Amino acid sequence: MTGPTRNAKPHPQPVRREHWSGRLAFVLAATGSAVGLGNIWKFPYITGVNGGGWFVLIYLICVATVALPIMVAEIMLGRATQRSPVLAFRKLAGPRSPWQGIGWLGVAAAFVILSYYSVVAGWTLHYSWLALSQGFAGMQPAEVEALFGQVYADPGINLFWHGLFMLLTIAIVAAGVNAGVERWSRILMPLLFLMILALVLRAAGTDGFGPALDFVFGAHSDRLTPAGVLEALGHSFFTLSLGMGAMLTYGSYLRARDDVVTTSLAVGGLDTLISLMACMMIFPIIFVAGLTPAAGPGLVFVSLPIAFGQLPGGALWAAVFFVLLAVAALTSAISLLEVAVSHAIDWRGVSRRRAAIGIGAVIFVLGIPSALSGGTPLFGSDFAAATEALFGEGHGKNWFDLADYLASNWMLPLGGLGIAVFVAWRMGEHAREQAFRAGSRFARLYWGWVWLLRYIVPVGVVAVFLHALGII
Ligand code: TRP
């Protein structure tokens, strides 16, 4: 995809849209967007913090009843309009319509999310390098834990890898969707899947597997709070790249006859499978080593080095694993940057290259406070103290945590709510039904889908919002 040329007029009419080379390419790219740090870094760590059990169950319910219907709606809007988010709503609702605000909210969310996502991705790069340069062999669990603390607190390390990761993301997005996005998704994602599978199988032979199964799937709710329910909902959006127009943008590169429903089910199923497998890879190690599952954002960076440290050739395996994780993060980061870039192309007619470089640079700068949150009081402890005064006791967050919290728990569900309400209540019956049925092997699910979007999604999202605010 090369996008409109440099001198294209600043007119909301994209010159010519390139398309995925086929449906498989789209499925792979959408899966590449969905599967990322959200599955392997974030889901296990928030499961740990929220005590497992009920948190996981609520998350699964959110995926099935709220996130999946929205995924269908988003991809469908993109495919039907062939536009990036803001212009998609403009095309359907009119040039003055406030519905365009959903698109703008999405573009804003792309900036916020990628700014800290890139910092975490930087950790995965740093850990590959650590694995090769020093290895983790012979390290005690407490030492591995301390190592993450050092990395987290080191401004230089965080800035360097954050910058490098943003450069990689910019380079791929500048190259365009076909040349850039598709090629990466094909070989490396299946490899990561195989490696996770191998690590789960290995964990199945340890004493930690039973306790881990009970922790993740057992019926206990001791640590679940209203904020935890909001987090489960927010994460169902985050992990499926929903609520901000990423799937809409990818859908806009689809041809009219490509099937949306089957794709959504496949992406949702695979994504959930990988998240649960990530838990079953990580928690057994945590329990065997006697560490706490509620360790927070360092969980995957503490558990895996312990496991790799005990394997023959572990340093190499660790390096390969963290590189593959970085690649998974890259295919997700690409979709985040792509939202803002395709918006700039469609909206202003800037060239793809310029948009990628300019927007990427802004996001790099926005991410600097996140990169410094672990080691600089200004964005770390002092910042947390200030937000504590704002949000109430025990709810203080450093810059990094605040960016994640606001984007995933509020912006994404709000955007998703807007998309659902738009499609279910505002879009004309005829247009909606046509868009849904086009190319679909699941045309008979139409009414169930509309019903979920009309009632379950709005009531569910609003109820969780009110619950988190302490109103119900
Ligand atoms: N889904 C990705 C993950 O789980 C992150 C991501 C990529 C994302 N694109 C997105 C999240 C768009 C929200 C919106 O790691």
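1. Observations concerning the site of the ligand
And then number 1: In the vicinity of the ligand lie 17 residues, with Ala34, Gly38, Tyr117, Phe238 and Ser335 positioned nearest.
And then number 2: Interatomic distance of 2.9 Å between a backbone N/O atom of Ala34 and an oxygen atom of the ligand.
And then number 3: Among the cavities detected, the one that contains the ligand is the largest cavity.
And then number 4: When residues of the shell around the ligand are traced back to their parent elements, those giving at least two are helix 1 (23–34), helix 2 (37–49), helix 5 (100–133), helix 10 (226–239) and helix 14 (314–348).
And then number 5: Classifying every residue of the shell around the ligand by side-chain character gives 9 nonpolar, 8 polar and no charged.

2. Observations concerning the packing of aromatic side chains
And then number 1: Following the criterion strictly, the structure yields 34 aromatic pairs and no others.
And then number 2: Aromatic side chains Tyr446 and Trp447 sit 5.1 Å apart centroid to centroid with 70° between the ring planes, which places their arrangement in the edge-to-face category.
And then number 3: Looking at Tyr446, the relative accessible area reads 0%, which means it is buried.
And then number 4: Taking the ring centre of Phe238 as reference, the NZ or CZ of Lys42 above it sits at 4.4 Å.
And then number 5: We note Lys397 situated over the ring of Tyr405; from NZ or CZ to the ring centre the distance is 4.6 Å.

3. Describing the packing of helix 3 (residues 54–81) against helix 18 (residues 429–437)
And then number 1: With their axes 10 Å apart at the nearest point, helix 3 and helix 18 run at an angle of 100° to one another. Considering their axes alone, helix 3 and helix 18 lie roughly perpendicular with respect to each other. Residues Val72, Met76, Arg79 and Ala80 of helix 3 form the contact with helix 18, whose own contacting residues are Arg432, Ala435 and Phe436.
And then number 2: Each residue belonging to the contact of helix 3 with helix 18 can be placed in one class, and the counts come to 5 nonpolar, no polar and 2 charged.

4. Points about the environment of Lys397
And then number 1: Here Lys397 is to be found in the loop between helix 16 (381–391) and helix 17 (399–426).
And then number 2: C-alpha of Lys397 to C-alpha of Ala385: the two residues are 12 residues apart in sequence and 7.6 Å apart in space.

5. Some thoughts on the confidence of the model for the protein chain
Detailed conclusions should not be drawn from predicted coordinates in areas where pLDDT is low.
And then number 1: Overall, the predicted model of the protein chain reaches an average pLDDT of 91, with 95% of residues at or above 70.
And then number 2: Low pLDDT, under 50, characterises residues 1–12; the stretch is placed with 29 contacts to residues that sit more than four places away or in other chains.

6. Some thoughts on unusual backbone geometry
And then number 1: One non-glycine residue, Gln82, adopts positive backbone phi at about 55°.
And then number 2: Relative to the assigned elements, Gln82 resides in the loop between helix 3 and helix 4 (85–93).

7. Quick notes on the pattern of salt bridges
And then number 1: Applying the stated criterion to the full structure yields 4 salt bridges.
And then number 2: Linking Glu338 and Arg352 is a salt bridge whose minimum nitrogen-to-oxygen distance equals 2.9 Å. With Glu338 in helix 14 and Arg352 in helix 15 (residues 352–371), this residue pair connects regions lying 14 residues apart in the sequence. Taken as a pair, Glu338 and Arg352 share a single burial class, namely buried.
And then number 3: When the shortest N-O distance is used, the salt bridge between Glu433 and Arg437 registers 2.6 Å. Taken together, the residues span about one helical turn, with Glu433 and Arg437 both in helix 18 at a distance of 4 residues.

8. Let's talk about empty space enclosed by the protein
And then number 1: This model, assessed by the stated rule, comprises 2 cavities of 30 Å³ or more.
And then number 2: For the largest cavity, the lining is made up of 16 residues, of which Ser33, Tyr117, Phe238, Ser241 and Leu336 are closest to its centre.
And then number 3: At 3 residues, the largest contribution of residues to the lining of the largest cavity is made by helix 14.
And then number 4: Split into classes, the residues belonging to the lining of the largest cavity amount to 9 nonpolar, 7 polar and no charged.

9. Comments concerning the nonpolar core
And then number 1: Counting residues in each nonpolar core, the largest one holds 155 residues, and the members touching the most others are Ile40, Met281, Phe321 and Trp449.
And then number 2: When residues in this core are grouped by element, the largest group, 19 residues, is from helix 14.

10. A few points about the packing of helix 2 against helix 3
And then number 1: Their axes nearest at 8 Å, the elements helix 2 and helix 3 cross at an angle of 130°. Taken together, the axes of helix 2 and helix 3 lie oblique to each other. Here Phe43, Ile46 and Thr47 of helix 2 come into contact with helix 3, specifically with Phe55, Val56 and Tyr59.
And then number 2: Residue composition of the contact of helix 2 with helix 3, by class: 5 nonpolar, 1 polar and no charged.

11. Section: the environment of Leu452
And then number 1: Checked against the element boundaries, Leu452 lands in helix 19 (residues 446–468).
And then number 2: Setting aside its immediate chain neighbours within four residues, Leu452 contacts Thr65, Pro69, Val457 and Pro458.

12. A look at the layout of surface pockets
And then number 1: In this structure, the largest pocket spans a volume of roughly 700 Å³.
And then number 2: Elements with a contribution of two residues or more to the lining of the largest pocket: helix 2, helix 10 and helix 17.
And then number 3: Among the elements that line the lining of the largest pocket, the one with the most residues is helix 17, at 5 residues.
And then number 4: A breakdown of the residues in the lining of the largest pocket according to their chemical character gives 13 nonpolar, 8 polar and 6 charged.

13. Quick look at the side chain of Gln82
And then number 1: Here His19 takes part through its side chain, which lies 2.7 Å from a polar atom of the side chain of Gln82.
And then number 2: Here the side chain of Gln82 touches Leu254 through a polar contact of 2.8 Å, landing on its backbone oxygen.

14. Overview of the state of the cysteines
And then number 1: By the definition in use, this model includes 0 disulfides.
And then number 2: We note that Cys279 lacks a disulfide partner, and the nearest cysteine sulfur, in Cys62, lies 15 Å from it.

15. Looking at helix 18
And then number 1: Residues of helix 18 that are buried: Arg432, Ala435 and Phe436. Along the axis of helix 18, the buried positions cluster into a sector of 100°, meaning they face one direction only. Pointing more than 90 degrees away from the buried face of helix 18 are the exposed residues His430 and Gln434.
And then number 2: The elements touched by buried residues of helix 18 are helix 3, helix 12 (261–288), helix 17 and helix 19.
And then number 3: One or two positions beyond helix 18, positive phi appears at Gly439, with a value near 70°.

Conventions and cut-offs
Residues numbered from 1 in each chain as written. Predicted model: local features only at pLDDT ≥ 70, side-chain atom pairs only at ≥ 80, totals over all residues. Heavy atoms only, no water. Near = heavy atom within 4 Å. Polar contact = N/O pair within 3.5 Å; in protein donor to acceptor, adjacent residues only side chain to side chain. 1 Å grid on protein atoms, 1.4 Å probe; cavity = no way out; pocket = protein on both sides within 12 Å on 5 of 7 lines; lining within 4 Å. Sits in = over half its atoms within 2 Å of the grid points. Helix = DSSP H or I, 4+ residues; strand = E, 2+ residues; numbered from the N terminus. Nonpolar A, V, L, I, M, F, W, Y, C, P; charged D, E, K, R; others polar. Phe/Tyr/Trp six-rings, centres within 6.5 Å; stacked < 30°, edge-to-face > 60°. Buried < 20%, exposed > 50% of the residue type's maximum accessible area, 1.4 Å probe, protein only. Lys NZ or Arg CZ within 6 Å of the ring centre and 35° of its normal. Axes fitted to C-alpha atoms, helices over the stretch in contact; angles between N-to-C directions. Parallel < 35°, antiparallel > 145°, perpendicular 65-115°, else oblique. Contact = heavy atoms within 4.5 Å. pLDDT = per-residue confidence, 0-100. Salt bridge = Lys/Arg side-chain N within 4 Å of Asp/Glu carboxyl O. Points joined across faces, edges and corners; volume = space filled by probe spheres on them. Core = buried A, V, L, I, M, F, W, Y, C linked by side-chain atoms within 4.5 Å. Disulfide = S-S within 2.5 Å. Arc of directions from axis to C-beta.

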